[in-house]
Amino acid sequence: MLIKNGFLIDPASDTERLVDLRITDGLIQTLADAGTLTPENGEDELDAAGLMISPGLVDTHIHFRDPGFTYKEDLHTGSLAAAAGGFTSVICMANTSPVIDSVPVLKELMEREALEDIHIFQAAAVSCGLKGEEMTSMKELAAAGALTAAALYLYHREKELDEYERLLFSDDYEDDDYDDEDSTTYENIPSAPAEEKE
(Lines give C-alpha, C1' and ligand atoms only; values in the text may rest on other atoms or scores of the structure.)
Protein backbone atom coordinates (compact mmCIF):
# COMPACT_ATOMS: atom_id res chain seq x y z
CA MET A 1 0.00 0.00 0.00
CA LEU A 2 1.13 3.52 -0.80
CA ILE A 3 0.09 6.34 1.54
CA LYS A 4 0.62 9.76 0.02
CA ASN A 5 0.72 13.33 1.30
CA GLY A 6 0.27 12.55 4.99
CA PHE A 7 1.67 14.76 7.74
CA LEU A 8 4.16 12.61 9.66
CA ILE A 9 4.69 13.29 13.36
CA ASP A 10 7.36 11.07 14.91
CA PRO A 11 8.76 12.27 18.26
CA ALA A 12 11.46 9.55 18.28
CA SER A 13 13.11 10.98 15.17
CA ASP A 14 11.98 14.58 15.76
CA THR A 15 10.13 14.50 12.43
CA GLU A 16 7.23 16.73 11.39
CA ARG A 17 6.77 16.87 7.62
CA LEU A 18 4.60 15.85 4.68
CA VAL A 19 5.52 12.39 3.39
CA ASP A 20 4.69 9.47 1.16
CA LEU A 21 5.26 6.02 2.57
CA ARG A 22 5.07 2.51 1.21
CA ILE A 23 3.91 -0.41 3.38
CA THR A 24 4.69 -3.99 2.39
CA ASP A 25 3.53 -6.99 4.45
CA GLY A 26 2.54 -4.67 7.30
CA LEU A 27 5.93 -2.95 7.52
CA ILE A 28 7.05 0.49 6.33
CA GLN A 29 9.45 -0.11 3.44
CA THR A 30 9.96 3.38 2.02
CA LEU A 31 9.59 6.88 3.44
CA ALA A 32 9.97 9.85 1.10
CA ASP A 33 8.98 13.48 0.69
CA ALA A 34 5.34 13.99 -0.25
CA GLY A 35 4.61 13.67 -3.95
CA THR A 36 7.70 11.64 -4.83
CA LEU A 37 6.42 8.03 -4.72
CA THR A 38 4.14 6.49 -7.34
CA PRO A 39 2.08 3.28 -7.18
CA GLU A 40 3.85 0.09 -8.22
CA ASN A 41 2.25 -2.99 -9.81
CA GLY A 42 -1.29 -1.82 -9.11
CA GLU A 43 -0.77 -1.40 -5.36
CA ASP A 44 -3.50 0.26 -3.31
CA GLU A 45 -3.08 4.01 -2.88
CA LEU A 46 -4.45 6.19 -0.10
CA ASP A 47 -4.38 9.97 -0.31
CA ALA A 48 -3.73 11.11 3.28
CA ALA A 49 -3.80 14.84 2.53
CA GLY A 50 -5.06 16.63 5.63
CA LEU A 51 -4.46 13.53 7.78
CA MET A 52 -1.76 12.72 10.30
CA ILE A 53 0.59 9.73 10.27
CA SER A 54 2.20 8.83 13.57
CA PRO A 55 3.47 5.93 15.64
CA GLY A 56 0.74 4.19 17.62
CA LEU A 57 -0.72 6.39 20.34
CA VAL A 58 -0.64 5.38 24.03
CA ASP A 59 -3.55 5.88 26.44
CA THR A 60 -2.30 5.59 30.01
CA HIS A 61 -5.72 5.59 31.69
CA ILE A 62 -8.52 3.50 30.23
CA HIS A 63 -11.43 1.46 31.55
CA PHE A 64 -12.32 -1.67 29.59
CA ARG A 65 -14.60 -2.68 32.52
CA ASP A 66 -13.41 -6.26 32.34
CA PRO A 67 -13.91 -8.26 34.53
CA GLY A 68 -17.22 -7.51 36.18
CA PHE A 69 -18.79 -4.73 34.13
CA THR A 70 -18.71 -6.14 30.61
CA TYR A 71 -22.20 -4.87 29.87
CA LYS A 72 -20.43 -1.50 29.51
CA GLU A 73 -17.25 -2.62 27.71
CA ASP A 74 -14.92 -5.62 27.53
CA LEU A 75 -11.37 -6.33 26.46
CA HIS A 76 -12.27 -7.08 22.87
CA THR A 77 -14.63 -4.19 22.18
CA GLY A 78 -12.33 -1.80 24.02
CA SER A 79 -9.34 -2.99 22.01
CA LEU A 80 -11.20 -2.55 18.74
CA ALA A 81 -12.23 0.99 19.72
CA ALA A 82 -8.68 1.85 20.77
CA ALA A 83 -7.23 0.56 17.50
CA ALA A 84 -9.83 2.46 15.47
CA GLY A 85 -8.67 5.65 17.18
CA GLY A 86 -4.98 4.99 16.54
CA PHE A 87 -4.14 3.73 20.03
CA THR A 88 -1.86 0.69 19.94
CA SER A 89 -0.99 0.61 23.65
CA VAL A 90 -3.27 1.17 26.65
CA ILE A 91 -3.11 0.83 30.42
CA CYS A 92 -6.25 -0.64 32.00
CA MET A 93 -7.24 0.58 35.44
CA ALA A 94 -7.76 -1.82 38.35
CA ASN A 95 -11.26 -0.79 39.51
CA THR A 96 -12.97 -3.90 38.17
CA SER A 97 -14.90 -6.69 39.88
CA PRO A 98 -12.98 -8.44 41.22
CA VAL A 99 -10.46 -5.67 41.79
CA ILE A 100 -7.03 -6.34 40.29
CA ASP A 101 -5.34 -6.71 43.66
CA SER A 102 -3.89 -10.24 43.60
CA VAL A 103 -1.63 -12.23 41.32
CA PRO A 104 -4.23 -14.90 40.36
CA VAL A 105 -6.76 -12.26 39.25
CA LEU A 106 -4.03 -10.33 37.43
CA LYS A 107 -2.71 -13.39 35.57
CA GLU A 108 -6.15 -14.51 34.39
CA LEU A 109 -6.82 -11.07 32.99
CA MET A 110 -3.39 -10.72 31.39
CA GLU A 111 -3.83 -14.06 29.61
CA ARG A 112 -6.98 -12.73 27.96
CA GLU A 113 -5.40 -9.34 27.23
CA ALA A 114 -2.58 -11.07 25.33
CA LEU A 115 -5.12 -12.38 22.80
CA GLU A 116 -6.02 -8.88 21.58
CA ASP A 117 -4.32 -7.07 18.69
CA ILE A 118 -3.13 -4.06 20.69
CA HIS A 119 -0.70 -3.89 23.61
CA ILE A 120 -2.67 -3.96 26.87
CA PHE A 121 -0.85 -3.18 30.10
CA GLN A 122 -2.59 -3.75 33.39
CA ALA A 123 -2.59 -1.50 36.44
CA ALA A 124 -2.98 -3.14 39.84
CA ALA A 125 -4.63 -1.70 42.93
CA VAL A 126 -2.46 -0.26 45.70
CA SER A 127 -4.88 -1.38 48.40
CA CYS A 128 -6.86 -4.60 48.68
CA GLY A 129 -10.35 -4.17 47.28
CA LEU A 130 -9.58 -0.46 46.73
CA LYS A 131 -10.57 0.08 50.37
CA GLY A 132 -7.43 1.89 51.52
CA GLU A 133 -7.06 -0.38 54.53
CA GLU A 134 -4.48 -3.03 53.56
CA MET A 135 -1.79 -2.68 50.93
CA THR A 136 -1.54 -5.20 48.12
CA SER A 137 1.68 -7.13 47.58
CA MET A 138 3.19 -4.69 45.12
CA LYS A 139 6.40 -6.68 44.77
CA GLU A 140 4.51 -9.83 43.73
CA LEU A 141 2.17 -7.91 41.44
CA ALA A 142 5.14 -6.16 39.81
CA ALA A 143 6.90 -9.50 39.27
CA ALA A 144 3.72 -10.86 37.65
CA GLY A 145 3.60 -7.94 35.21
CA ALA A 146 1.37 -5.29 36.77
CA LEU A 147 2.44 -1.87 35.55
CA THR A 148 1.24 0.50 38.25
CA ALA A 149 2.32 -1.68 41.12
CA ALA A 150 5.77 -1.96 39.55
CA ALA A 151 6.11 1.79 39.15
CA LEU A 152 5.05 2.51 42.71
CA TYR A 153 7.23 -0.24 44.10
CA LEU A 154 10.33 0.98 42.28
CA TYR A 155 9.64 4.60 43.19
CA HIS A 156 9.55 3.96 46.91
CA ARG A 157 12.34 1.34 46.85
CA GLU A 158 12.22 -1.73 49.00
CA LYS A 159 14.06 -0.25 52.00
CA GLU A 160 11.53 2.60 52.30
CA LEU A 161 8.38 0.61 51.59
CA ASP A 162 7.69 -0.49 55.16
CA GLU A 163 7.93 3.07 56.43
CA TYR A 164 5.76 4.33 53.59
CA GLU A 165 3.12 1.69 54.34
CA ARG A 166 3.15 2.58 58.04
CA LEU A 167 2.61 6.26 57.27
CA LEU A 168 0.01 5.66 54.58
CA PHE A 169 -2.26 3.59 56.79
CA SER A 170 -1.44 5.01 60.21
CA ASP A 171 -4.35 6.34 62.26
CA ASP A 172 -2.12 8.87 63.99
CA TYR A 173 -0.25 10.23 60.95
CA GLU A 174 1.37 13.61 61.54
CA ASP A 175 3.31 15.81 59.15
CA ASP A 176 6.60 15.50 61.00
CA ASP A 177 6.51 11.66 60.92
CA TYR A 178 8.05 11.68 57.46
CA ASP A 179 11.19 13.76 57.32
CA ASP A 180 12.33 13.74 53.71
CA GLU A 181 13.65 16.78 51.86
CA ASP A 182 12.08 15.53 48.63
CA SER A 183 8.63 14.91 50.09
CA THR A 184 5.76 17.37 50.09
CA THR A 185 4.23 18.11 53.48
CA TYR A 186 0.94 19.73 54.24
CA GLU A 187 2.72 22.95 55.26
CA ASN A 188 4.05 23.68 51.77
CA ILE A 189 0.93 22.82 49.78
CA PRO A 190 -0.74 26.08 48.74
CA SER A 191 -4.24 26.42 50.10
CA ALA A 192 -7.18 27.72 48.13
CA PRO A 193 -7.98 31.37 48.78
CA ALA A 194 -10.73 31.96 51.28
CA GLU A 195 -14.09 32.83 49.76
CA GLU A 196 -14.99 36.47 50.13
CA LYS A 197 -18.10 37.12 52.17
CA GLU A 198 -20.68 39.40 50.62
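Residues numbered from 1 in each chain as written. Predicted model: local features only at pLDDT ≥ 70, side-chain atom pairs only at ≥ 80, totals over all residues. Heavy atoms only, no water.

1. Notes on unusual backbone geometry
And then number 1: That bond from Asp66 to Pro67 is cis: its omega, 10°, falls within 30 degrees of zero.
And then number 2: Here Pro67 lies in the loop between β6 (57-62) and α1 (75-84).
And then number 3: Residue Pro98 follows Ser97 across a cis peptide bond; omega there is 5°.
And then number 4: Position of Pro98 among the secondary structure elements: in the loop between β7 (87-92) and α2 (103-113).
And then number 5: Here the phi dihedral of Asp25 falls at roughly 55°; this positive angle occurs in a residue that is not glycine. (Helix = DSSP H or I, 4+ residues; strand = E, 2+ residues; numbered from the N terminus.)

2. A look at α2
Residues three or four positions apart in an α-helix share a direction because the helix packs 3.6 residues into each turn.
And then number 1: Buried residues of α2: Val103, Val105, Leu106, Leu109 and Glu113, and no others. One side of α2 carries all its buried residues, which in axial view fall inside an arc of 155°. Set apart from the buried face of α2 by more than 90 degrees, the exposed residues are Pro104 and Glu111.
And then number 2: The inward-facing, buried residues of α2 abut α1, β7, β8 (119-122) and α3 (138-144). (Buried < 20%, exposed > 50% of the residue type's maximum accessible area, 1.4 Å probe, protein only. Arc of directions from axis to C-beta. Contact = heavy atoms within 4.5 Å.)

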